[in-house]
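Understanding the architecture of this molecule
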Amino acid sequence: MLQSYSEDCMKVVYLYGAQVTSWKNDHAEELLFVSSKAIFKPPKAIRGGIPICFPQFGTHGNLEQHGFARNRLWTIDDNPPPLPVNPAIKSFVDLILRPSDEDLKIWPHSFEFRLRVALGPNGDLSLTSRIRNTNTDGRSFSYTFAYHTYFSVSDISEVRVEGLETMDYLDNLKGKERFTEQGDAIVFESEIDKVYLAAPSKIAIIDHEKKRTFVLTKEGLPDAVVWNPWDKKAKAMQDFGDGEYKHMLCVEPAAVEKPITLKPGEEWKGRLALSAVPSSYCSGQLDPLKEHLIALNI
Ligand SMILES: O=P(O)(O)OC[C@H]1O[C@@H](O)[C@H](O)[C@@H](O)[C@@H]1O
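Residues numbered from 1 in each chain as written. Predicted model: local features only at pLDDT ≥ 70, side-chain atom pairs only at ≥ 80, totals over all residues. Heavy atoms only, no water.

For the protein chain, the name recorded in an unreviewed UniProt entry is glucose-6-phosphate 1-epimerase, with Oryza barthii as its organism. The record held by UniProt for the protein chain lists under Catalytic activity (unreviewed entry) the comment "alpha-D-glucose 6-phosphate = beta-D-glucose 6-phosphate". According to the UniProt record, the Sequence similarities (unreviewed entry) comment for the protein chain is "Belongs to the glucose-6-phosphate 1-epimerase family." (UniProt positions renumbered as here; feature names shortened; annotations may be inferred.)

Printed below as a string of structure tokens:
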């Protein structure tokens, strides 16, 4: 487990799954949800924080649900290739995953997956993934991907998500059928499991009770999954408390509909930046013309 601090903010990253399990603001308030029943060892992924789904999102393929990266032991990458760094970033860690012989049996491709987790100014958290095809047999590979981010919310029925209205989505609860979202903002009254397609680069989660807004900025990740298991599924999950669905929401920047293909030697980059701002935030700030209102400097 790796812990780091920057300007009173904190993040915790596990080598198991390269999973960020804690992100705190300067009031020491936890911003991510981790279940009280989470299991921190193989074979299960940790229930909460930011699991990484690779090389498969969900059941979009033949591998285990959400792929294997989230339940492998990563290592510290002491000598990562240079990545443009914002000088304001005070704390970061680089991790790497390469396939084991066992992994190659289930997904026969050689890769290097580098993850940088950084704490920026104002306590903003960013995750940058770089995936490289290192196959020596000339073969390309394709994968789907998600940052399966569990946000901590006061009460799911007091939360709304802006930025996804009018988007097309695949409904995992209806056999992945395609629909178009109606209405102003997404609110929550029952189970939801949707993959929004070609979603905008900024999405906001507005928590009225906490007077807090999370702003997600995504790059290289066209889609966004929204998931809350609600009461019945919560009860069926061994590593999730019965009532915990009320205090979490997953909004997951992802590449699902169109898998990413890399030729040997090619590298893909996918980035997520998270910011938690006070909810004097008002609707409409996702308008690109007003984006300067949200200062995301990482
Ligand atoms: O229990 P898991 O494997 O962590 O998955 C949790 C959920 O993750 C979401 O991303 C999926 O859309 C859901 O279908 C899934 O149930």
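This part covers the overall build of the protein chain. In terms of helices and strands, the protein chain carries two helices and 20 strands. In terms of overall dimensions, the protein chain is globule-like: its C-alpha atoms have a radius of gyration of 18 Å, near the 19 Å expected for 298 residues. With the C-alpha coordinates aligned to their principal axes, the bounding extent of the protein chain is approximately 55 × 45 × 40 Å. Per-residue burial over the protein chain gives 56% buried out of 298 residues. Looking at the protein chain alone, contacts between residues at least 24 apart form 68% of all its contacts between residues at least 6 apart. Carbon together with sulfur atoms contributes 51% to the accessible area of the protein chain, which is approximately 13,100 Å² in total. Of note, the protein chain has its 35 positive side-chain charges centred 3 Å away from the centre of its 41 negative side-chain charges. (Helix = DSSP H or I, 4+ residues; strand = E, 2+ residues; numbered from the N terminus. Rg over C-alpha atoms; globule rule 2.2 N^0.38 Å. Buried < 20%, exposed > 50% of the residue type's maximum accessible area, 1.4 Å probe, protein only. Contact = heavy atoms within 4.5 Å. Areas by Shrake-Rupley, 256 points an atom, 1.4 Å probe, with all protein chains shown as cover. Lys, Arg positive; Asp, Glu negative; His and termini not counted. Charge placed at Lys NZ, Arg CZ, Asp CG, Glu CD.)

Further remarks concern the nonpolar core. One finds F54, F113, Y143, F145, L164, F188 and L249 to be the most contacted residues of the largest nonpolar core, which totals 68 residues. Among the elements that take part in this core, strand 19 (residues 248-262) stands out by supplying seven residues, more than any other. Counting nine residues, the second-largest nonpolar core is a separate cluster that includes A146, V195, V225 and A254. (Core = buried A, V, L, I, M, F, W, Y, C linked by side-chain atoms within 4.5 Å.)

Any two side chains of opposite charge can pair, so long as their charged atoms come close to each other. If you walk through the whole model with that rule in mind, you get 16 salt bridges. Ionic contacts of the salt-bridge type, sharing partners, join the residues D77, R98, E112 and R114 into one network. (Salt bridge = Lys/Arg side-chain N within 4 Å of Asp/Glu carboxyl O.)

Next up on the list: the site of the ligand. Near the ligand you find R47, F57, Q65, H66, R70, H148, N172, D193, V225, W227 and E252, and these make up its full shell. At 2.5 Å from an oxygen atom of the ligand is found a side-chain nitrogen or oxygen belonging to D193. Starting from 400 Å² of accessible surface for the ligand in isolation, the protein chains cover 82%. Broken down by class, the residue content of the shell around the ligand amounts to three nonpolar, four polar and four charged. (Near = heavy atom within 4 Å. Polar contact = N/O pair within 3.5 Å; in protein donor to acceptor, adjacent residues only side chain to side chain. Nonpolar A, V, L, I, M, F, W, Y, C, P; charged D, E, K, R; others polar.)

Mapped onto this structure's residue numbering, the UniProt feature "binding site: substrate" (unreviewed entry) falls at R47, Q65 and R70. A maximum C-alpha distance of 13.7 Å places the annotated residues, which cover 24 residues in sequence, within one compact spot. In this view, R47 contacts F33, V34, S35, A38, Y150, W227, M237, D239 and F240; residues no more than four positions away in its chain are not counted. Along the polypeptide, Q65 turns up in the loop between strand 4 (52-53) and strand 5 (75-76). With a relative accessible area of 43%, Q65 lands in the partly exposed category. Discounting residues that sit within four places of it in the chain, Q65 has contacts with Q56, G58, T59 and R70.

Tracing the chain through its elements places A276 in strand 20 (residues 267-278). Taking the C-alpha atoms as reference points, A276 and P80, 196 residues apart in sequence, are found 28 Å from one another. Residues within four places of A276 in sequence aside, it is in contact with W23, L31, R212, T213 and F214.

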